[in-house]
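Listed below are the residues making up each chain.
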Amino acid sequence: MAKRLFWLNGIAILAVVINHAIGWGFTALFWWTDRYRDVSVPNFDAMGSPGYVLMVILKQITPFSLPAFVAVSGYFIAFASRGGLTWKMIRTRIGNILIPYTLWSLLVILFDRLLLETQISLLDIPTKLLNGSASPIYYYVPLICQLFLLSPFLVRGVRSSQWKKLLLGMGILQVVTVGWSYLVLFRILPWKPEWFFGNLGFIFTLSIALNLRGEEILPWLKAHRKIWLGLLIVSLPLAIGETEWFYQTYGIDWRGGVETLFATVFTLSFLLTFIAYDFSLPQSTVLYKLGQRAFGIYLMHPLVLEIAAKLVYHLAPVLLGIQWVFLPLLITTGIVVPWFAMKFMRETPLRKGYAYIFG
């Protein structure tokens, strides 16, 4: 199971990079159109084109990534708890995440301030660090830190005779957070924090249970694996259609997220299908290595993608209109540059600082 989870981590980090590269693809299609066509911007001529539809599909296939990271983290927390889960272990694990997270958040803030002339006050910096908003995807870090702080209680609950009630309670909380998204959509509530642990608490708790009570849960999951696969197949087009409808109707871009009902069902069914079916993966060695480096790639790739996209904008703007070239270029850059940066640090005297930069 541990090897398969590293595969899942590898697939997830690849999905993260694809998801965010597509975001830059949308920018190139609609907001940078004047760099390769004689038009004013924003220009939405490409809306509904085959390239746009493919990007929307890929954007909505990939949001399982952060829930997958949460699932892997929960499983290994449970594994560590077999030898006794102490608060010192929790502090160490959180520290190993927060130090590189803080460094990369400050780098992103500095980049935005110096090169993009984004107005950021000193008082904004602590807020961005606390809620993970230095980059749109960094909210995962405060979220997983909350779950790590809760993990001793969750482990105790899973080991108790009331573990099913705990899973039920976390499942209800997951449903509440999905409903919260719709209340924000219809302006009944003003906002929903992406960093709130309840958004992915059920997945974290379930992964703990899969480790500590795998002999009870795994046979049941495998016996119903056709159901998970069926839900996966059915929920994907519904998730794509639902998020695109919200975007077209209300201007709320939930594409690439797990805020909606069908996106949540798709994510859960994907993870359950991955667990329930025993299969080998092509290039599994590469996925395994990607999984081992996932956190470092996660932290570094937003800055890499932004720099790469801006370089194309200034130096080769014609590529912005050729999505089948522009997107693979971004995806490759978003994986390869962090990979070799991490490899360089590991194999040079700089290795002493590796944990502080990449975790």
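Here, every reference points to the structure presented above.
Below you will find a few notes about this structure. Because the structure is a prediction, the values reported are computed rather than measured.

1. Observations regarding the nonpolar core
- In this structure, Phe69, Val70, Tyr138, Phe204 and Tyr298 are the most contacted members of the largest nonpolar core, which totals 80 residues.
- In terms of residue count, helix H6 (residues 140-159) provides more of this core than any other element does, 10 residues in total.
- Discounting chain neighbours no more than four positions away, the residues touching Val70 are Tyr140, Leu143, Ile144, Leu147, Leu200, Ile203, Phe204 and Ser207.
- Among the nonpolar cores identified, the runner-up in size contains 22 residues, and Ala46, Val56, Leu305 and Leu330 belong to it.

2. Examining the packing of aromatic side chains
- Counted under the stated rule, the structure contains 26 aromatic pairs.
- Geometry around Phe148 places Arg93 over its ring, the cationic atom sitting 5.9 Å from the centre.
- Stacked on the ring of Trp339, the Lys or Arg Arg293 has its end atom at 4.5 Å from the ring centre.

3. Topic: the side chain of Arg213
- Counting through the fold element by element, Arg213 comes out in the loop between helix H8 (201-212) and helix H9 (214-223).
- On the basis of relative accessibility, which here comes to 15%, the residue Arg213 falls in the buried class.
- Those residues within four positions of Arg213 in sequence are excluded, and the remaining contacts are Val158, Arg159, Ser160 and Trp163.

4. A short note on empty space enclosed by the protein
- Overall, the coordinates contain two cavities of 30 Å³ or more when judged by the stated rule.
- One number sums up the size of the largest cavity: a volume of about 130 Å³.
- In terms of lining residues, the largest cavity is bounded by 12 residues, among which Ala71, Ser207, Leu210, Leu271 and Ile275 are the most central.
- Residues belonging to the lining of the largest cavity are distributed by class as follows: 11 nonpolar, one polar and no charged.

Here is what the cut-offs are and how they apply
- Residues numbered from 1 in each chain as written.
- Predicted model: local features only at pLDDT ≥ 70, side-chain atom pairs only at ≥ 80, totals over all residues.
- Heavy atoms only, no water.
- Core = buried A, V, L, I, M, F, W, Y, C linked by side-chain atoms within 4.5 Å.
- Buried < 20%, exposed > 50% of the residue type's maximum accessible area, 1.4 Å probe, protein only.
- Helix = DSSP H or I, 4+ residues; strand = E, 2+ residues; numbered from the N terminus.
- Contact = heavy atoms within 4.5 Å.
- Phe/Tyr/Trp six-rings, centres within 6.5 Å; stacked < 30°, edge-to-face > 60°.
- Lys NZ or Arg CZ within 6 Å of the ring centre and 35° of its normal.
- 1 Å grid on protein atoms, 1.4 Å probe; cavity = no way out; pocket = protein on both sides within 12 Å on 5 of 7 lines; lining within 4 Å.
- Points joined across faces, edges and corners; volume = space filled by probe spheres on them.
- Nonpolar A, V, L, I, M, F, W, Y, C, P; charged D, E, K, R; others polar.

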